[in-house]
Structures are given as C-alpha cells and as structure tokens.
Amino acid sequence: MAALTLLAAILAFIKPASFLPFGAIYKELFAATMFALGVVLNREDLVSTLKEPLRIGLGIMTQFVVMPILAYTIVVTTGLPPALALGFIIVGSAPGAMASNVIVYLAGGALAYSISLTTVATFLAPLLTPFLVANLGGQFIAIDAIGMMWTITYILVIPLAGGMLFRHYLDKAFAWRFTLIHLVVATIAITLLANLSQLQTWQWLLAATFLLILPLLAGLVPRNSAGRALAWSREIAPAIAAIAIIVICAFAVAKNQAQIQQVGALVFALVVLLNILGYLAGWFLARLYRFDRTHRITLAIEIGMQNAGMGVALALDQFAEQPEVALPGALFAVWCILTAAGVSTYLRRKQALVNA
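These numbers come from a predicted model, not from an experiment.

Per the secondary structure count, the protein includes 15 helices and zero strands. Overall, the C-alpha framework of the protein stretches about 55 × 55 × 35 Å when taken along its three principal axes. Buried residues in the protein amount to 53% of all 356 residues. In the protein, the proportion of contacts linking residues at least 24 apart, taken out of those at least 6 apart, comes to 84%.

Below you can see the structure in the form of structure tokens.
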C-alpha cells in the first residue's frame, strides 16, 4: 500500500486530470473504506481489551490531546496561511488510522489494544473532532462544527458500524431480539441524518444501505454458506479500503497541484515533523504510563498515524472553496504509511534477531 500510495500521489501531481473526476464521490469512497474495515474488525479482540478501561482511557486521552496540541503548536510557530494551518489542525484532531491495526500487528505490538483504541476513537470522533477543530482552528477560518459532525457521522461512524453488523450477521446465528434493536436504532440514525444533515437523498440512502440493508442481507445468507461468505468478505475488504484511500489522497494531491508547487516543500517538512513528534510522544508517554514494550509500540503507532484520509474527506467537504485545507492531510496520509511500513519492518527484524 505504501508504494501504491506514493505512486498514485506522484501520478496525481503529474497528471491531475486523471484523478479530478473522483471529486464527485470522495466521501462515498471513504465511507466504503470504513465499511470494509468494519467487516475485518475482530469483535472478540475488542471486547477483551475493553475490560482494561484505564489503558483505553489513557490512549484515547493521548490521541485527542497530544496530536491536536502538536499540530496547533506547529502552525502557530511557523505562521502558515490560514487554510493550511486549518488543514494541520484537522489532521491533528482526527482519530487514529485504521491502517494502524495492520502496522501494529506487523511491528509486534498489542493488536487487540490497537483495535480498541482506533474503534473507540472513531466512534468518539463526531463529537471530539469538530470540538477540537472549532476551538483550535476557528481563529484561522470560520468552522461549521455541526456540519462537520454530520459529515463524520456519514463517512465514518455509520459505515463502520454497518461493517461490524455485516460481520456479526455472517458470524452469528440470526437472533430476532438483536435484529429488532438493530432495526430501531438504525432507523432512528438514518432519520436524523436525512432530516438534520445537508446530505442529498441518494447519500442518506447510501448510508441506509451501509447500516441497514447490507447487514440484513448478510443475515439472510444460509448458515452453511455464511462461513465462506465471511472469509471471502474479509479477503476483499482490505483491498477495497486500500484502493479507496489511495484514490482519495491522490485526488487531494491533484486538486492542490498548484499549491504544492508553491508551498509543497514547507508543508511536507511540517508533515514529517508532526508524524515524528506523534511517534515520539506516544512512545514516551506510554513509558510514563508504565506500559510494557508491546503496548508502548502500539501507542506510538496509534498516535503517530492519524486517520488523514478522514481529514482529507472532511476538509474537501467542509471547505470546498479552499481545497488547500486538504493538502496537509493528503501528504500526511502518504507519509505516515511510508514511515509506518518502515518502522514495522525495522521492529519485526529486530525482534527476529532477539528471538534468534
């Protein structure tokens, strides 16, 4: 994924017209990503780790305090233009990236803890991300916190929940009580989305498809075929997620080609700085919390890897007239995948030498 993300970003810079048509569906691409990731989340791992609320709480607090402060400090210190400054604030205020779960696994970290952190942070994002962006970024550009909340709900929370429900129906026997609760809660959520957000009709119908229709269809799969269907879904879901994120980031690069030529070097340098500071902060704070080595690795990766794809989609949606707001997120997404892949490779080889 690291190589493909970099290649797509370069191609988008050289031939922006190749990716600009995706501007009409970038939010839906990200929603598909979150649905796919919901399918591969292991419910048992999540439930077991949630039995350690203090460790989860420390991780979530670090996620939504340290990275926003680091991003804010960087933009205030460097005096970036308002749109780019806001872009960094959005990146810093995003939850952890779902891709971090794969990196934590490859690096030998605590996978269940990583899954719990990213999942809990993701479901808290509709409240915390708009709050942080409004308070830290409002001095640069006017922020519609409520509109931002509904966008995050549409592109992140609803499809992720839908993916988890899809897996549940394939994995467990059909239960009427659970299905009834699902129907009631999903209907309320979609009704609120349709009436209170600014989404078009086809968009909230798509949300209903993710949250209601696809999971219920999974529940109709015969039990003797459900195992194969789940295995097949888990095989293709990561590929769908990866392709969608690559296209979204490439679109953001294409949209900002002229801006990259003007301030690309500076923005990229600050992206590198934010990413490194995130890793270091996660590692040293985990030591302060007296975490063991596997949990220190996990927290470092979780803090350093932001869900920049969400940041890009959010920036493009909320600040359509200022596409440069999405530039820090696009560059961060490309860079953090490259560094995370490198870090996981290094830690895996180091552990192999220790074991030898």
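After that view, the rundown keeps rolling.
What follows deals with the packing of aromatic side chains. Per the counting criterion, the structure on display carries eight aromatic pairs. Ring geometry for Phe19 and Phe22: centres 6.3 Å apart, planes at 35°, overall tilted. Where Tyr169 meets Phe178, the ring centres are 5.8 Å apart and the plane angle is 75°; that geometry is what we call edge-to-face. A relative accessible area of 3% means that Tyr169 is categorised as buried. Grouping aromatic residues by their ring pairs yields a cluster made of Phe35, Phe166 and Phe210. A cation over a ring is seen here: Arg55 above Phe291, with NZ or CZ 5.0 Å from the ring centre.

Summed over all chains, the structure comprises one salt bridge. In this structure, Lys27 and Asp317 form a salt bridge, with 2.8 Å as the shortest nitrogen-oxygen distance. In this pair, Lys27 is assigned in helix H2 (residues 26–40) and Asp317 in helix H14 (residues 308–318), connecting sequence segments 290 residues apart. A relative accessible area of 12% means that Lys27 is categorised as buried. By relative accessible area, Asp317 is classed as partly exposed at 24%.

With respect to the element layout, Asp171 can be found in helix H8 (residues 145–171). Residue Asp171 is classed as partly exposed on the basis of its relative accessible area, which comes to 35%. A sequence separation of 55 residues divides Asp171 from Ala226, and the C-alpha atoms of the two residues are 7.0 Å apart. Aside from chain neighbours lying at most four places away, what touches Asp171 is Arg223 and Leu230.

A few words now on the nonpolar core. Counting residues in each nonpolar core, the largest one holds 122 residues, and the members touching the most others are Phe30 and Leu274. It is helix H11 (residues 223–255) that provides the largest number of residues to this core, a total of 15 residues. When sequence neighbours within four positions are dropped, the list of residues in contact with Phe30 reads Ile155, Leu156, Ile245, Ile248, Asn307, Gly309, Met310 and Ala313.

Further remarks concern the side chain of Ser114. If you trace the backbone, Ser114 turns up in helix H7 (residues 111–137). Among residues more than four places away in sequence, those in contact with Ser114 are Ser100, Asn101, Val104, Thr298 and Glu302.

It is worth spelling out the environment of Phe319 at this point. Mapped onto the fold, Phe319 is located in the loop between H14 and helix H15 (327–355). As a C-alpha pair, Phe319 and Ala208 span 111 residues in sequence and 26 Å in three-dimensional space. Every residue in contact with Phe319, bar those within four places of it in the chain, is listed here: Leu86, Ile90, Ile141, Ala142, Ile143, Met148 and Val325.

Another point: the packing of H2 against helix H10 (residues 201–219). Taken N-terminus to C-terminus, the directions of H2 and H10 make an angle of 10°; their axes are 12 Å apart at the nearest point. Classed by the angle they form, the pair H2 and H10 counts as roughly parallel. Taking contact as the criterion, the partners of Lys27, Glu28, Ala31, Ala32 and Phe35 in H2 are, on H10, Trp202, Gln203, Leu206, Phe210 and Leu214. Here the contact of H2 with H10 is built from residues that sort into seven nonpolar, one polar and two charged.

About the criteria used
Going along each chain's sequence as written, the residues are numbered from 1 onward. pLDDT decides what is reported in this predicted model: residues at 70 or higher carry local features, side-chain atom pairs at 80 or more are listed and counted, and totals for whole chains, interfaces and linings draw on all residues regardless. Side-chain figures throughout are based on the complete set of non-hydrogen atoms in the structure, without hydrogens or water. Comment: elements are numbered from the N terminus, with helices defined as DSSP H or I runs of at least four residues and strands as E runs of at least two. Throughout, exposure labels follow a simple rule: accessible area from a 1.4 Å probe, protein chains only, divided by the maximum for the residue type, with under 20% read as buried, over 50% as exposed, and the rest as partly exposed. Note on contacts: a residue pair qualifies if any of its non-hydrogen atoms lie within 4.5 Å across the two residues. Each pair of aromatic rings taken from Phe, Tyr and Trp, with Trp reduced to its six-membered ring, is defined by centres within 6.5 Å and is described as stacked if the planes are under 30 degrees apart, edge-to-face if over 60, and tilted in the remaining cases. By definition, being over a ring means that NZ of Lys or CZ of Arg is both within 6 Å of the ring centre and within 35 degrees of the ring normal. Salt bridges are defined as contacts in which a side-chain nitrogen from Lys or Arg sits within 4 Å of a carboxyl oxygen from Asp or Glu. By nonpolar core is meant a set of buried Ala, Val, Leu, Ile, Met, Phe, Trp, Tyr and Cys residues that side-chain atoms within 4.5 Å join together. Comment: axis = line fitted to C-alpha atoms, over the contacting stretch for helices; angle = value between 0 and 180 degrees taken between N-to-C directions. Convention used here: angles under 35 degrees read as roughly parallel, angles over 145 as roughly antiparallel, angles from 65 to 115 as roughly perpendicular, and any remaining angle as oblique. Think of it as three bins: nonpolar holds Ala, Val, Leu, Ile, Met, Phe, Trp, Tyr, Cys and Pro, charged holds Asp, Glu, Lys and Arg, and polar takes everything else, Gly as well.

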